[in-house]
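# Descriptive analysis of the structure
Spelled out, the chains give:
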Amino acid sequence: PPASGVFTPEAIQYSPTAGVAAGDYFDEVCVFGTPLEPRTYTGTFTIDRFDLSVGGRFDHENRKANVASYFIEPFFSQLPGTVADDSFSNVSPQFSAAFRLRPEAMAYFSVTNGYKAGGYNPVAIPGQESYGEEHTWNYEGGVKSAFAGRRVTTNVSVFSIDWEDLQLNLPSAF
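These remarks concern the structure in this document. (Residues numbered from 1 in each chain as written. Predicted model: local features only at pLDDT ≥ 70, side-chain atom pairs only at ≥ 80, totals over all residues. Heavy atoms only, no water.)

## With respect to the environment of Thr 46
Put simply, the rule is: Secondary structure elements are taken from DSSP: a helix is a run of H or I of four residues or more, a strand is a run of E of two residues or more, and numbering for both begins at the N terminus. Accessibility here uses a 1.4 Å probe with only protein chains present; expressed as a share of the type maximum, an area under 20% marks a residue as buried, one over 50% as exposed, and anything in between as partly exposed. The contact criterion used is simple: two residues touch if any of their non-hydrogen atoms lie within 4.5 Å. Distance and chemistry together define a polar contact, namely a pair of N or O atoms within 3.5 Å, with one atom able to donate a hydrogen and the other to accept it when in protein, and with adjacent residues in sequence counting only for side-chain atoms on both sides.
You can see Thr 46 is positioned in strand β3 (residues 44-47). Note on Thr 46: relative accessible area 48%, which makes it partly exposed. Residues Thr 46 and Ala 97, spaced 51 residues apart in sequence, show a C-alpha to C-alpha distance of 9.8 Å. Setting aside residues up to four positions removed in sequence, Thr 46 forms contacts with Asp 51 and Arg 100. A polar atom in the side chain of Thr 46 sits 2.9 Å from the side chain of Asp 51.

As structure tokens, this is what we get:
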């Protein structure tokens, strides 16, 4: 198996009539955190029965690809390959608010930004090997409660995800 973060041509199984040789190399740096409230050292700020949380994630990836598609003669020869180098960066914020209705019940709402870096697909149609970043905005709200001496809990939530440039792996007719 390939080493973590490195996809090598040796890891590919070749067909007797066609194949794809690919090297997809990446470096990734991610940092997630919440600002620290000086007295409690958390990212949650509390005022009476109201909690507000803020946070964020920084992500940076360097992606490199060396993709070559070929067919064994006499059918076809090697198709034009792709050698590419790209960087992707993003800051994803997160916000949430909660209101304690009573000690055993809480209503909450959160908004979070999601991100997935772009990259390269070695089995894509030649000339279409690269794909872009995926972004989401996630919204969730609900109520969490406990009763019967906290032996029974009830949680109800609703959510919505607003996707932009969804990354899908679809079969091609190629």
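## Topic: the pattern of salt bridges
Defined as follows: Salt bridge, as used here: a side-chain nitrogen of Lys or Arg that lies within 4 Å of a carboxyl oxygen of Asp or Glu.
Inspection of the entire model under this criterion finds four salt bridges. Residue Arg 100 is joined to Asp 51 by a salt bridge in which the shortest nitrogen-to-oxygen separation is 2.7 Å. With a gap of 49 residues between them, Arg 100 in strand β5 (residues 82-102) and Asp 51 in strand β4 (residues 50-71) connect regions that are remote in the sequence. Among the residues examined, Arg 100 registers a relative accessible area of 26% and is labelled partly exposed. A relative accessible area of 17% places Asp 51 in the buried class. Note that Glu 104 and Arg 102 form a salt bridge whose closest N and O atoms lie 4.0 Å from each other. For Glu 104, a relative accessible area of 31% puts it in the partly exposed group.

## Examining a nonpolar patch on the surface
Keep this limit in mind: The patches reported here contain residues having more than 30% relative accessible area and no salt bridge. Joining distances are 9 Å for like charges and 5 Å for nonpolar side chains (Val, Leu, Ile, Met, Phe, Trp, Tyr). Note on areas: Shrake-Rupley, 1.4 Å probe, and residue coverage restricted to the protein chains presented here.
Nonpolar side chains collect at one region of the surface, where Phe 45, Ile 47, Phe 50, Leu 52, Phe 99, Leu 101 and Val 143 lie side by side and expose about 590 Å² of accessible area between them. Looking at the nonpolar patch, the elements with two or more residues in it are β3, β4 and β5. Turning to its location among the elements, Val 143 is positioned in strand β9 (residues 134-147). We classify Val 143 as partly exposed; its relative accessible area is 37%.

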